[in-house]
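For reference, the chains in residue letters:
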Amino acid sequence: MATLLDVRLKKVNKIYREGDVVAGLVVIQSKDSVQHQGITLTVEGNVGLQLSAKSVGLFEAFYNSLKPIQLLHYNLDIAKPGKLPSGKTEIPFEVPLKPKGNKTLYETYHGVFVNIQYTIKVDMKRSLLNKDLQKQLEFIVEYKEQEEKAKAKVVQFTISPETLQNVKEKVNVPRFKVKGKLDTAVCLITKPFTGELTVESSEAPLKSIELQLVRVETCGCAEGYAKDATEIQNIQIAEGDVCRGISIPIYMVFPRLFTCPTLATNNFKVEFEVNIVIVFQDDRLVTENFPIQLTRF
């Protein structure tokens, strides 16, 4: 049996808030006794920034300045060089979740050009004849509860050829009218995004109505900014040439890790938008865009 190295957190859901203590066990299992040159535990929180391919040429001046932003760093020696007995050895650890200096612990977020991740890494150094062992585990950071709660902001909308912003030749768009409302544009990340819409009229038959969640990530510094929008998820809320005058519910759950509370800093921004996409049977489509703000409380 090879030597196995593992990290286990006491919290099963691995969700922590600033000020919490991240506690767990480093577990080493082996059939025979294990000689090692020391075991270290590193807890890190980093914001990783990168530019899209289309932005690299434009912004070479600050391309090198997009270094990871370190939010949190602890390095602990949890076992001095020596020998571990055969069987299972458990080494407990506790690390306070506090940011470095004047940094802020942002929420965990997995994006395309912005990544906010918190990890625990254990390294077991061994002799030249044996390979060093390493184990890494990600844990999730969420904001502490705030006293001030977000207030709902209802959005009433009408979509017709006249309201479309991203269409140059509106005369080529079939005549149609869709009315509806979004229950709020300030959205709790833990609650579903809801609303309703009604197709009042359309001279061309419809094929589909879709709801698209988009992330808008901005990276940069004093030399300039690169802004990119990418799709997170797309949900079909109606199929076919729907009946006119009937209310169609809008319902979408925000995916954890791929969304976070709306964030704006000096070096990067993470914002979100919702698109209502109407597809006609000839595959022509029109899109109406709604910026939304995500919040945890």
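The rules behind the values
- Residues numbered from 1 in each chain as written.
- Predicted model: local features only at pLDDT ≥ 70, side-chain atom pairs only at ≥ 80, totals over all residues.
- Heavy atoms only, no water.
- UniProt positions renumbered as here; feature names shortened; annotations may be inferred.
- Helix = DSSP H or I, 4+ residues; strand = E, 2+ residues; numbered from the N terminus.
- Buried < 20%, exposed > 50% of the residue type's maximum accessible area, 1.4 Å probe, protein only.
- Contact = heavy atoms within 4.5 Å.
- Areas by Shrake-Rupley, 256 points an atom, 1.4 Å probe, with all protein chains shown as cover.
- Lys, Arg positive; Asp, Glu negative; His and termini not counted.
- Charge placed at Lys NZ, Arg CZ, Asp CG, Glu CD.
- Domains from an automatic or database assignment.
- Buried area = accessible area lost by both parts, 1.4 Å probe.
- Salt bridge = Lys/Arg side-chain N within 4 Å of Asp/Glu carboxyl O.
- Polar contact = N/O pair within 3.5 Å; in protein donor to acceptor, adjacent residues only side chain to side chain.
- pLDDT = per-residue confidence, 0-100.
- Core = buried A, V, L, I, M, F, W, Y, C linked by side-chain atoms within 4.5 Å.

- In the annotation of an unreviewed UniProt entry, the entry for the chain reads Vacuolar protein sorting-associated protein 26C, and the organism field reads Lingula anatina.
- What UniProt states about the chain under its Sequence similarities (unreviewed entry) heading is, verbatim, "Belongs to the VPS26 family."

A few points about the overall build of the chain
Consideration 1: Scanning the chain from terminus to terminus reveals 2 helices and 21 strands.
Consideration 2: Taken over 297 residues, the chain has a buried fraction of 47%.
Consideration 3: In the chain, once contacts between residues fewer than 6 apart in sequence are set aside, the share between residues at least 24 apart is 72%.
Consideration 4: Surface accessibility of the chain: about 16,100 Å² in total, with carbon and sulfur atoms responsible for 49%.
Consideration 5: Measuring between centres, the 38 positive side-chain charges of the chain sit 6 Å from its 35 negative side-chain charges.

Quick look at the side chain of Thr-3
Consideration 1: Position of Thr-3 relative to the elements: it lies in the segment before strand S1 (4-9).
Consideration 2: Beyond its immediate sequence surroundings of up to four residues, Thr-3 is in contact with Ile-28, Gln-29, Ser-30, Val-34, Arg-126 and Leu-133.

Details of the domain arrangement of the chain
Consideration 1: Taken domain by domain, the chain comprises domain 1 (4-142) and domain 2 (155-295).
Consideration 2: On a C-alpha basis, the centroid separation for the pair domain 1 and domain 2 is 37 Å.
Consideration 3: Counting residues at the interface gives 25 residues for domain 1, matched by 25 residues for domain 2.
Consideration 4: Together domain 1 and domain 2 conceal approximately 1,900 Å² of surface at their shared face, both sides included; 69% is due to carbon and sulfur atoms.
Consideration 5: Across the domain 1-domain 2 interface, the total number found is 2 salt bridges.
Consideration 6: Among the salt bridges present, the one from Arg-256 reaches Glu-107, with a minimum N-O distance of 3.2 Å.
Consideration 7: Here domain 1 and domain 2 share 8 residue pairs in polar contact (both at pLDDT 80 or more) between them.

Observations regarding the confidence of the model for the chain
Consideration 1: Averaged over all residues, the pLDDT of the chain is 91; the fraction at 70 or higher stands at 93%.
Consideration 2: When mean pLDDT is taken per element in the chain, strand S9 (residues 109-110) scores highest with 98 and helix H2 (residues 60-63) scores lowest with 53.

Considerations on the pattern of salt bridges
Consideration 1: Summed over the entire model, instances satisfying the criterion amount to 14 salt bridges.
Consideration 2: One salt bridge in this structure joins Asp-241 and Arg-244, with 3.0 Å as the shortest N-O distance.
Consideration 3: The shortest N-O distance in the salt bridge between Asp-282 and Arg-284 comes to 3.6 Å.
Consideration 4: A relative accessible area of 35% places Arg-284 in the partly exposed class.

Re the nonpolar core
Consideration 1: Residues Ile-116, Phe-139, Phe-193, Ile-209 and Phe-268 are the most contacted members of the largest nonpolar core, which totals 79 residues.
Consideration 2: When residues of this core are assigned to domains, at least three fall in each of domain 1 (4-142) and domain 2 (155-295).
Consideration 3: What Phe-193 contacts, discounting residues up to four positions off in sequence, is Leu-182, Thr-184, Cys-187, Leu-211, Ile-250, Tyr-251, Met-252, Phe-254, Val-274 and Ile-292.

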